[in-house]
Amino acid sequence: ELIVVRDQLGIKPVYYHKTNDRIIFGSEIKTILMDVDYKTDYDQQALKEHMLLGYSLEDQTLFKDIKRLEPGHLLKINKKGITKVKYYNLLNDINCKSSQLDNLENLIYKSVDLHAISDVDLGIMLSGGIDSNLLLYFLKKTGNLDSSFTAFNAGLEKDNDSDQRSLMD
């Protein structure tokens, strides 16, 4: 049995294409498009949704018969076929009791520390909002800021270098 899993929040994508006798999957659609047996075509419903919403609903992609595995779902692949299973529901964590929220800071700390594991140098785009600043705070608190860490912001360039501060301070 082969199990293909997408993370709970959908941070990393998983795309798949199944036929009668095989399945192709990858973190990018181009993995499937490289298959010589796949006949490139578009999904008319997904195209309509993209035009109206800027994205497609459910598991559809712009490419016909290429599906996106939803966050918190997995595919079980065996001789009997392919089964999609929902293994995580974010609403179960959101609808928690207030006593469970006391541990929220520790949960965020653990999550940021876990997601900071990387083969490449870490960086962040500072939007000025609370989310990017909160991430930066917890990255520093978990010890994941070092001299290779890079932060970017969307704004005007300044000629005066004295306005820049180190994230390590």
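See the structure printed just above.
Chemist: Is there a simple way to explain the overall build of the chain in this structure?
Modeler: Helix and strand counts for the chain stand at 6 helices and 8 strands. Moving toward the C terminus, one meets the helices and strands of the chain in the order β-β-β-α-α-β-β-β-α-α-α-β-α-β. Looking at the chain as a whole, 25% of its 169 residues qualify as buried. The long-range fraction of contacts in the chain, counting pairs at least 24 apart against all pairs at least 6 apart in sequence, stands at 48%. Accessible surface, the chain: about 12900 Å² in total, of which carbon and sulfur atoms supply 53%.

Chemist: Got a minute to help me understand the packing of aromatic side chains in this structure?
Modeler: To describe a pair of aromatic rings, you give the distance between the ring centres and the angle between the ring planes. For the structure on display, the rule yields 1 aromatic pair. With a centroid separation of 5.0 Å and an interplanar angle of 85 degrees, the aromatic rings of Y137 and F138 are classed as edge-to-face. Classification of F138 by relative accessible area gives buried; the value is 4%.

Chemist: Please explain the sheet that holds strand β3 (residues 23–26) as it appears in this structure.
Modeler: Here we have 3 strands laid out as an open sheet, ordered β3-β2-β4, and antiparallel in their pairing. Edge positions in the open sheet fall to β3 and β4 (67–68), since each of these has one partner strand only. One ladder, built from 2 bridges, connects strand β2 (residues 15–18) with β4; its direction is antiparallel. Paired with Y15 across the bridge in β4 is R68.

Chemist: Teacher, can you tell me more about the nonpolar core here?
Modeler: Nonpolar side chains tend to gather and get buried jointly when the protein is soluble and globular. One finds V112, A116, I124, L126, L136, F138, L139, L145 and F149 forming the largest nonpolar core, which totals 9 residues. Put simply, the parts of the chain that give this core at least two residues each are β7 (123–126) and α6 (130–141). By residue number, the principal contributor to this core is α6, which donates 3 residues. If sequence neighbours within four positions are ignored, L139 has contacts with V112, A116, L122, I124, N144, L145 and F149.

Chemist: How do you make sense of the pairing of β7 when you look at a structure like this?
Modeler: Regular strands show a simple pattern: their side chains alternate between the two faces of the sheet. The alternating pattern of β7 places I124 and L126 on a buried face and G123 and M125 on a face that is not buried. As paired elements, β7 and strand β8 (residues 150–153) share 4 bridges and run parallel to each other. What sits directly across from I124, in β8, is A151. Note that the unit made of β7, α6 and β8 has a crossover that is right-handed.

Chemist: Before we go on, may I ask you to explain the environment of L62 in this structure?
Modeler: Note on placement: L62 falls in the loop between α2 (44–53) and β4. The class of L62 is partly exposed, set by a relative accessible area of 34%. When the C-alpha atoms of L62 and Q45 are compared, they prove to be 8.4 Å apart, with 17 residues separating the residues in sequence. In this structure L62 touches D41, Y42, D43, A46, L47 and H50, once residues within four positions along its chain are discounted.

Chemist: What should I look at first to understand the sheet that holds strand β6 (residues 81–86) in this one?
Modeler: Within a sheet, adjacent strands bond to each other through the backbone by hydrogen bonds, running parallel or antiparallel. Pairing in this open sheet of 3 strands is antiparallel, and the strands run β1-β5-β6 from one edge to the other. The open sheet has two edge strands, β1 (2–5) and β6, and neither has a second partner. The sheet shows a mean angle of 20 degrees between the axes of neighbouring strands, direction not considered. Here β1 runs beside strand β5 (residues 73–78); their pairing, made up of 4 bridges, is antiparallel. Bridging from a neighbouring strand, I3 pairs with K76 of β5.

Chemist: What exactly am I supposed to notice about the pattern of salt bridges here?
Modeler: Within the structure shown, the criterion is met by 6 salt bridges. The partner of K84 in a salt bridge is E70, and the shortest N-O contact between them spans 3.1 Å. In this pair, K84 sits in strand β6 while E70 sits in the loop between β4 and β5, placing the two residues 14 residues apart along the sequence. The partly exposed category is assigned to K84, whose relative accessible area is 35%.

Rules of the game
- Residues numbered from 1 in each chain as written.
- Predicted model: local features only at pLDDT ≥ 70, side-chain atom pairs only at ≥ 80, totals over all residues.
- Heavy atoms only, no water.
- Helix = DSSP H or I, 4+ residues; strand = E, 2+ residues; numbered from the N terminus.
- Buried < 20%, exposed > 50% of the residue type's maximum accessible area, 1.4 Å probe, protein only.
- Contact = heavy atoms within 4.5 Å.
- Areas by Shrake-Rupley, 256 points an atom, 1.4 Å probe, with all protein chains shown as cover.
- Phe/Tyr/Trp six-rings, centres within 6.5 Å; stacked < 30°, edge-to-face > 60°.
- Pairing = 2+ DSSP bridges.
- Core = buried A, V, L, I, M, F, W, Y, C linked by side-chain atoms within 4.5 Å.
- Right-handed = clockwise from strand over helix to strand, strands pointing away.
- Axes fitted to C-alpha atoms, helices over the stretch in contact; angles between N-to-C directions.
- Salt bridge = Lys/Arg side-chain N within 4 Å of Asp/Glu carboxyl O.

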